[in-house]
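Observations on chain architecture
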Amino acid sequence: MNNKQIEIMSLSYEDILGYMSMWGEPDYRAKQLWDWLHSRQAFSFAEMTNLSKSLRDKLDTTFTLSSPILASEELSSDGTQKMLLSYPDGVSVECVGMPYKDRYTACLSTQAGCSLGCAFCATGNGGFTRNLTADEIVKQAKYVERASGVRLSSVVLMGQGEPFLNLENTLAAMKVLNDPSALNIGARHITVSTSGILPGIARLARIKEQFGLAISLHSAVQETRNMLMPGVKKYALPHLYEALQAYTEATKRRPTYEYLMINGVNDTNAELDALIDFCANTLCHVNLIPLNPVSHSGFAPSKGDTIRRFQKALKASGVETTVRRSRGKDIDAACGQLHQRSC
Ligand code: SAH
Ligand code: SF4
């Protein structure tokens, strides 16, 4: 059998130690190799410059080191870059790079597709395919860095998928993104967004790193939220509220509440009152986001006046609020516009 067919990313640490000892290499080589593979997310053995040339050659003839293929790349007029990565099993996911004045942010996917089927979201509309591994999540950040030529200053896990339905892999990826010997992105600059999966929020509250949390709230009225986000019906708003108070109590961190503004759906006075009730006197920051058009939904964004009225009323109630500008709309790279496509 041709050993070259062994995929090195599928080996355990013990397997790698075994190869090193078989080849007469010291044990610390296994650690170095492991770091290149799982922290630094190397694209090739040639990059692993602290290994001898002869060891790199031996690795190259024995193993494959497969990376996803960059199936397509698009550049928006505002500088946003969208990449479609395709994995050997045919699954493909999108990740996005967004330049700002003072930083460069990557938006990464945690699942291929999503099982939650939110009514306004292109990802949810395509259904769920599979969880991404921690390596697959981190590698997207490497691709964004490579495509932009800029070091990432922040990461948001707001691409395709529900991170807290792929909890272990997502947390492992966040740790690697934060690791000084890997991507070295400050924990405060790594934000995970959830539709409100309570066990994930509780778990994040117990983690020592100061990762950021965003909640896709979209309505503080149960009936409206059930219609917009049927997949999280079982996590009712009063329980979400409790989980968030426990989170802020434990971490002293301010979660962001994402609130899509959808014309005639969640932008009425009754919705505004419910939102103020949910937020007032708690630690939070509300982002009002005009809906991005997604063809299947039939929803339209709220009028500018309505959005400004929401912002004013929330601020008057002491709730920190901003209106968020979307990036990359012209290439369907904006929030909720990431599709699942086969290549
Ligand atoms: N599943 C997670 C993370 C990915 S979704 C979550 O829902 O939080 C990333 C963000 O895009 C969420 O805040 C989501 O509500 C938002 N989004 C989805 N569809 C959108 C649309 N059509 N316009 C604007 N934002 C949208
Ligand atoms: Fe899934 Fe988030 Fe889209 Fe809802 S908004 S379908 S949870 S990716």
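This write-up is about the structure you can find in this document. (Residues numbered from 1 in each chain as written. Chains lettered and ligands numbered in written order. Predicted model: local features only at pLDDT ≥ 70, side-chain atom pairs only at ≥ 80, totals over all residues. Heavy atoms only, no water.)

A few points about the packing of aromatic side chains
Applying the stated criterion across every chain yields a total of eight aromatic pairs. Pairing Tyr19 with Phe63 gives two aromatic rings, centres 5.0 Å apart and planes at 75°, and the pair type is edge-to-face. With Tyr19 in helix α1 (residues 13-22) and Phe63 in strand β2 (residues 63-64), this pair connects stretches of sequence that are 44 residues apart. Accessibility assignment for this pair places Tyr19 and Phe63 in one class, buried. Taken together, the ring pairs connect Tyr19, Trp23 and Phe63 into an aromatic cluster. For the cation-ring pair, Arg130 lies above Tyr87, with the distance from its terminal atom to the ring centre recorded as 5.6 Å. (Phe/Tyr/Trp six-rings, centres within 6.5 Å; stacked < 30°, edge-to-face > 60°. Helix = DSSP H or I, 4+ residues; strand = E, 2+ residues; numbered from the N terminus. Buried < 20%, exposed > 50% of the residue type's maximum accessible area, 1.4 Å probe, protein only. Lys NZ or Arg CZ within 6 Å of the ring centre and 35° of its normal.)

Overview of the layout of surface pockets
Counted as a void, the second largest pocket has a volume near 270 Å³. Along the wall of the second largest pocket there are 15 residues; nearest its centre are Met9, Ser66, Tyr87, Thr133 and Glu136. Sorting elements by how many residues they give to the lining of the second largest pocket places helix α5 (residues 134-148) first, with three residues. (1 Å grid on protein atoms, 1.4 Å probe; cavity = no way out; pocket = protein on both sides within 12 Å on 5 of 7 lines; lining within 4 Å. Points joined across faces, edges and corners; volume = space filled by probe spheres on them.)

A few points about the site of ligand 1
Every one of the 19 residues lining ligand 1 counts as a neighbour, but Phe120, Gly161, Ser193, Ser216 and His218 are closest to it. A distance of 2.9 Å separates a nitrogen atom of ligand 1 from a polar atom in the backbone of Gly161. Between ligand 1 and the protein, one listed contact pairs a nitrogen atom with a side-chain N or O atom of Glu162 at 3.4 Å. Within the complex, 96% of the 530 Å² of free accessible area of ligand 1 lies under protein. Elements that contribute at least two residues to the shell around ligand 1 include exactly β10 (190-194) and β12 (256-261). When the residues that make up the shell around ligand 1 are grouped by side-chain class, the tally is eight nonpolar, nine polar and two charged. (Near = heavy atom within 4 Å. Polar contact = N/O pair within 3.5 Å; in protein donor to acceptor, adjacent residues only side chain to side chain. Areas by Shrake-Rupley, 256 points an atom, 1.4 Å probe, with all protein chains shown as cover. Nonpolar A, V, L, I, M, F, W, Y, C, P; charged D, E, K, R; others polar.)

Considerations on the pairing of strand β9 (residues 154-157)
Burial along β9 is two-sided: Ser154 and Val156 and Val155 and Leu157, pointing in opposite directions, are all buried. Relative to β9, strand β6 (residues 104-107) runs parallel, the two sharing three bridges. Each bridged residue has a counterpart across the sheet, and for Thr105 the counterpart in β9 is Ser154. A crossover links β9 with its parallel partner β10, the connecting element being helix α6 (residues 167-178), and its sense is right-handed. (Pairing = 2+ DSSP bridges. Right-handed = clockwise from strand over helix to strand, strands pointing away.)

Here's the deal with the pattern of salt bridges
In total, this model carries 14 salt bridges according to the counting rule given. In this structure, Asp35 and Lys31 form a salt bridge, with 2.8 Å as the shortest nitrogen-oxygen distance. Highlighted residues: Asp35 and Lys31, both in helix α2 (residues 28-38), separated by four residues, approximately one helical turn. Of the charged contacts, one joins Arg203 and Glu168 as a salt bridge, the two residues approaching to 2.6 Å between their closest N and O atoms. (Salt bridge = Lys/Arg side-chain N within 4 Å of Asp/Glu carboxyl O.)

Concerning helix α7 (residues 198-205)
What α7 keeps buried is the set Leu198, Gly200, Ile201, Leu204 and Ala205. Each buried residue of α7 sits inside an arc of 160° when the element is viewed along its axis, so together they form one side. Elements that come into contact with the buried residues of α7 comprise α6, β10, β11 (212-216) and α9 (237-251). (Arc of directions from axis to C-beta. Contact = heavy atoms within 4.5 Å.)

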